Amino acid sequence: DQQVKQNSPSLSVQEGRISILNCDYTNSMFDYFLWYKKYPAEGPTFLISISSIKDKNEDGRFTVFLNKSAKHLSLHIVPSQPGDSAVYFCAASPSGGYQKVTFGTGTKLQVIP
Amino acid sequence: ETGVTQTPRHLVMGMTNKKSLKCEQHLGHNAMYWYKQSAKKPLELMFVYSLEERVENNSVPSRFSPECPNSSHLFLHLHTLQPEDSALYLCASSQEVGTAFGQPQHFGDGTRLSIL
């Protein structure tokens, strides 16, 4: 049973427009959510995170929104740039002590110049 | 050198071979992880080490044997692997285990393993 789901395997967006990547989760014990970005032939790199006490966290062009009641989070990239083309992974974890991080399957974003 | 370094980047081996994957982190972190990434599947956590002690063994077959001699180095020893073990193996580190306090994991670039 997949506890973190990214239902869109791919997304294409024009340069300069907004990219919205979605993630749904089923485990109500998840307290901490992260987004990672992965280029081909490289490991994932941390992008942005949010804890369950917030509903929004912003870092430059990247904003993550959390809707706990819907068990849904999204990553907004504005404006999208060709260098943002990568696979984006959503991840989630309960808080406190050692807790296993659960990853989604990823969404491949292509930003078209 | 900075970050998390994995060697080799690519490995092709037969089912009867024995090989090892190496991971080294230069970040001063206390926790290290092995993940497996198969096509179209989420990252699967295999092993977690905190200060050289294994804290998680996620039902991984015994043909995978981890070793953590110190907090900077992590190995994955492989023997008698199966074709379904072909995947990308990623190593990661974090300041402490878990992510409760804003400590994301830093990943290496992975070893692409192919079993003949």
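Before reading on, note that the structure itself is shown above.
First things first, this report covers the structure right here in the doc. (Residues numbered from 1 in each chain as written. Chains lettered and ligands numbered in written order. Predicted model: local features only at pLDDT ≥ 70, side-chain atom pairs only at ≥ 80, totals over all residues. Heavy atoms only, no water.)

**Some thoughts on the interface of chain B and chain A**
Residue-level contacts link 24 residues of chain B with 22 residues of chain A. There are 3 residue pairs in polar contact (both at pLDDT 80 or more) connecting chain B and chain A. Within the residue set of the side of chain B that touches chain A, elements represented by two or more residues are strand 4 (31-37), strand 5 (44-50) and strand 9 (87-94) of chain B. (Contact = heavy atoms within 4.5 Å. Polar contact = N/O pair within 3.5 Å; in protein donor to acceptor, adjacent residues only side chain to side chain. Helix = DSSP H or I, 4+ residues; strand = E, 2+ residues; numbered from the N terminus.)

**Overview of the sheet that holds strand 7 (residues 62-67) of chain A**
Residues and elements named next belong to chain A. Taken together, 5 strands build an open sheet; the order of strands is 1-3-8-7-6 and the sheet is antiparallel. The two strands at the open ends of the sheet, each matched to only one other strand, are strand 1 (4-5) and strand 6 (56-59). Note: strand 6 against strand 7, 4 bridges, orientation antiparallel. Bridge pairing in strand 7 places asparagine 57 opposite valine 64. (Pairing = 2+ DSSP bridges.)

**Details of the pairing of strand 9 of chain B**
All names here are of chain B. In terms of residue burial, strand 9 counts as a mostly covered element, since 8 of its 8 residues are buried. Relative to strand 9, strand 4 is paired through 7 bridges, and the arrangement is antiparallel. Within strand 9, the position partnered with methionine 32 by the bridge is serine 93. Across 3 bridges, the pairing between strand 9 and strand 11 (residues 111-115) is antiparallel. When the bridges of strand 11 are listed, leucine 88 appears paired with arginine 112. Note: strand 9 against strand 10 (residues 106-107), 2 bridges, orientation antiparallel. Bridge pairing in strand 10 links serine 93 to histidine 106. (Buried < 20%, exposed > 50% of the residue type's maximum accessible area, 1.4 Å probe, protein only.)

**Some remarks on the nonpolar core**
In terms of nonpolar packing, the biggest core is built from 23 residues, with Phe33(A), Trp35(A), Leu73(A), Leu75(A) and Tyr88(A) touching the most fellow members. Of all the elements in the fold, those that place two or more residues in this core are strand 3 (19-25), strand 4 (32-38), strand 5 (45-51), strand 7, strand 8 (72-77), strand 9 (86-93) and strand 11 (107-112) of chain A. A total of 4 residues in this core trace back to one element, the largest contributor, which is strand 9 of chain A. The next biggest cluster of nonpolar side chains, apart from the first, holds 22 residues, and it includes Leu11(B), Leu21(B), Met32(B) and Leu76(B). (Core = buried A, V, L, I, M, F, W, Y, C linked by side-chain atoms within 4.5 Å.)

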